[in-house]
Amino acid sequence: MVFFILHSSFFIIMYDINKIREDFPILSREVYGKPLIYLDNGATTQKPRQVVEAITNEYYSVNANVHRGVHFLSQQATELHEASRETVRRFINARSTNEIIFTRGTTESINLLASSFADSQMEAGDEVIVSTMEHHSDIVPWQLQAAKKGIVMKVIPMNDKGELLQDEYKKLFSEKTKLVCVMHVSNVLGTVNPVKEMIAEAHLHGVPVLVDGAQSVPHMKVDVQDLDADFFAFSGHKVYGPTGVGVLYGKEEWLDKLPPYQGGGEMIQSVSFEKTTFNELPFKFEAGTPDYIGTTALAKALDYVSALGMENIEAHEQELTRYAMQRLKQIEGMRIFGEAEHKSSVISFLVGNIHHLDMGTLLDRLGIAVRTGHHCAQPLMIRLGIEGTVRASFGLYNTKEEIDILAAGIERVSRMF
Ligand code: PMP
């Protein structure tokens, strides 16, 4: 008991929500004359001053192209860029910076892997396992490859709570299975999939796994070695970093085997019209000038959340989610999609017969930013038998007061119908 009191007061001191919110100037703006309640963190997160300042500082005082120049600025910019790679490595606990490929985001990371993996490791009739709840970016890149190579997709079904059926998953493996591509956390249901166990299962069959971590990295501590993920993708902008930069992690032994995705500068060792040799890892997969300003800002964002503590962020968001689930369930006609045992800070819902777009538009007028629609997961919508949902997704700076305002807003809109 004593421990609990000490522990919880320590948590309150460490996690000073008012102080945290001051780091995000946008949170104090108004929309339609009302305080902004930003609950669309699944789509993108707001940026702390530290991240924005890293961008302006680098443009104002360091800017030069990386890896190319002998001059001072170029070397300094290169050092910042490569230090950011080390920050990412540490953040997800990869073994080596050779395993950290900078991309434009989760989508590009998955396209890179799908293209490079299918080209070199798959032939007609080979299978990739995905799940019912996948984001389009975990489905369409494989369909593009399927159209070129005749690859077959197999789909893990889920129960009505929004949990993947593990027994069915195990049955999907065959000697043709070449890869599993599964999301860590659902952007619609909030389900935290048991990816560690799913990876272990795939490895029993000698099959590597690509984890889409777009919705896990911002909300929980991720350790790619502990998961034993072969590949892991995430976006900077969903973890309080800038847009246009993301990461593909890959085990070095895999990345060594895979061919480049795009050709151009940076990714070559030597070029002649007869023969080109490719650069070493990680540069083999990074054609052209990288977003070196973006990588510095991403590293700042990762430093920012690390300083708060991913465990503290997760505890705060779990508390918000528990509170919101309880509060929203009191609303008449409320239907919540996604009641998994292990759920992240995403709540998708519909109320009575109110169209998701109407609910979202009217909440917006009250200053509440939520997402509406299919959330780039149309196969999941088909499984749920709906066209779309309203989605509230919480981040590290949200509060119970904001959830109260959301609940009151939903009740007010409901009364109008
Ligand atoms: N996967 C998941 C689970 C997502 O939520 C998203 C973004 N909604 C993506 C992939 C795509 O991320 P990005 O648009 O940053 O590439």
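The rules behind these values
- Residues numbered from 1 in each chain as written.
- Predicted model: local features only at pLDDT ≥ 70, side-chain atom pairs only at ≥ 80, totals over all residues.
- Heavy atoms only, no water.
- Pairing = 2+ DSSP bridges.
- Helix = DSSP H or I, 4+ residues; strand = E, 2+ residues; numbered from the N terminus.
- Axes fitted to C-alpha atoms, helices over the stretch in contact; angles between N-to-C directions.
- Near = heavy atom within 4 Å.
- Polar contact = N/O pair within 3.5 Å; in protein donor to acceptor, adjacent residues only side chain to side chain.
- Areas by Shrake-Rupley, 256 points an atom, 1.4 Å probe, with all protein chains shown as cover.
- Nonpolar A, V, L, I, M, F, W, Y, C, P; charged D, E, K, R; others polar.
- Contact = heavy atoms within 4.5 Å.
- Core = buried A, V, L, I, M, F, W, Y, C linked by side-chain atoms within 4.5 Å.
- Buried < 20%, exposed > 50% of the residue type's maximum accessible area, 1.4 Å probe, protein only.
- Domains from an automatic or database assignment.
- Arc of directions from axis to C-beta.

It is worth spelling out the sheet that holds strand β16 (residues 371–373) at this point. Reading across the sheet, the 4 strands line up as β13-β14-β17-β16 and stay open at both edges, with antiparallel pairing between neighbours. The open sheet has two edge strands, β13 (334–337) and β16, and neither has a second partner. Recorded for the sheet is a direction-independent mean angle of 30° between the axes of neighbouring strands. Two strands pair when backbone bridges link them, and strand β14 (residues 346–351) and strand β17 (residues 389–393) are joined in this way by 4 bridges, in the antiparallel orientation. Across the sheet, the residue bridging to valine 346 is serine 393, located in β17.

Let us look at the site of the ligand. Surveying the vicinity of the ligand reveals the residues Thr106, Thr107, His135, Ser137, Met183, Asn187, Asp212, Ala214, Gln215, Ser235, His237 and Lys238. At a separation of 3.5 Å, an oxygen atom of the ligand approaches a polar backbone atom of threonine 106. Between an oxygen atom of the ligand and a side-chain N or O atom of serine 235, the distance comes to 2.7 Å. Isolated, the ligand exposes 400 Å² of accessible area, and the fraction of that covered by the protein chains is 84%. Partitioned by chemical class, the residues of the shell around the ligand number 2 nonpolar, 8 polar and 2 charged.

Further remarks concern the sheet that holds strand β7 (residues 177–183). The strands that make up a sheet are held in pairs by hydrogen bonds between backbone atoms, and each pair lies either parallel or antiparallel. Taken together, 7 strands build an open sheet; the order of strands is β4-β10-β9-β8-β7-β5-β6 and the sheet is mixed. On the outer flanks of this sheet lie β4 (100–103) and β6 (152–156), each paired with one strand and no other. For this sheet, the mean angle separating the axes of adjacent strands, direction not counted, is 20°. Of the pairings in the sheet, the one linking strand β9 (residues 231–235) to strand β10 (residues 246–250) comprises 5 bridges and is antiparallel in character. Bridging across to β10, alanine 233 finds its partner in leucine 248. Helix α5 (residues 106–121) rests against β4, β7, β8 (209–212), β9 and β10 of the sheet, and its axis sits at about 155° to β9.

Turning to the nonpolar core, a few remarks are in order. If you look at the biggest cluster of nonpolar residues, it comprises 68 residues, and the most contacted ones within it are Val180, Phe232, Val305 and Leu396. No other element matches the 7 residues that helix α11 (residues 292–308) contributes to this core. Counting residues domain by domain, this core receives three or more from each of domain 1 (2–31 + 309–416) and domain 2 (52–306). Ignoring sequence-local partners within four residues, the contact set of valine 180 consists of Ile129, Tyr169, Phe173, Ala202, Val207, Pro208, Val209 and Leu210.

So, about helix α8 (residues 195–204). Every buried residue of α8 is accounted for by Val195, Met198, Ile199, Glu201 and Ala202. Across the axial projection of α8, the buried residues extend over an arc of 160°, all falling on one side. Turned more than 90 degrees from where α8 packs its buried face, Glu197 and Leu204 sit exposed. Buried residues along α8 sit in contact with β6, α7 (166–171), β7, β8 and α9 (224–227). Count one or two residues on from α8 and you reach glycine 206, which has phi positive near 70°.

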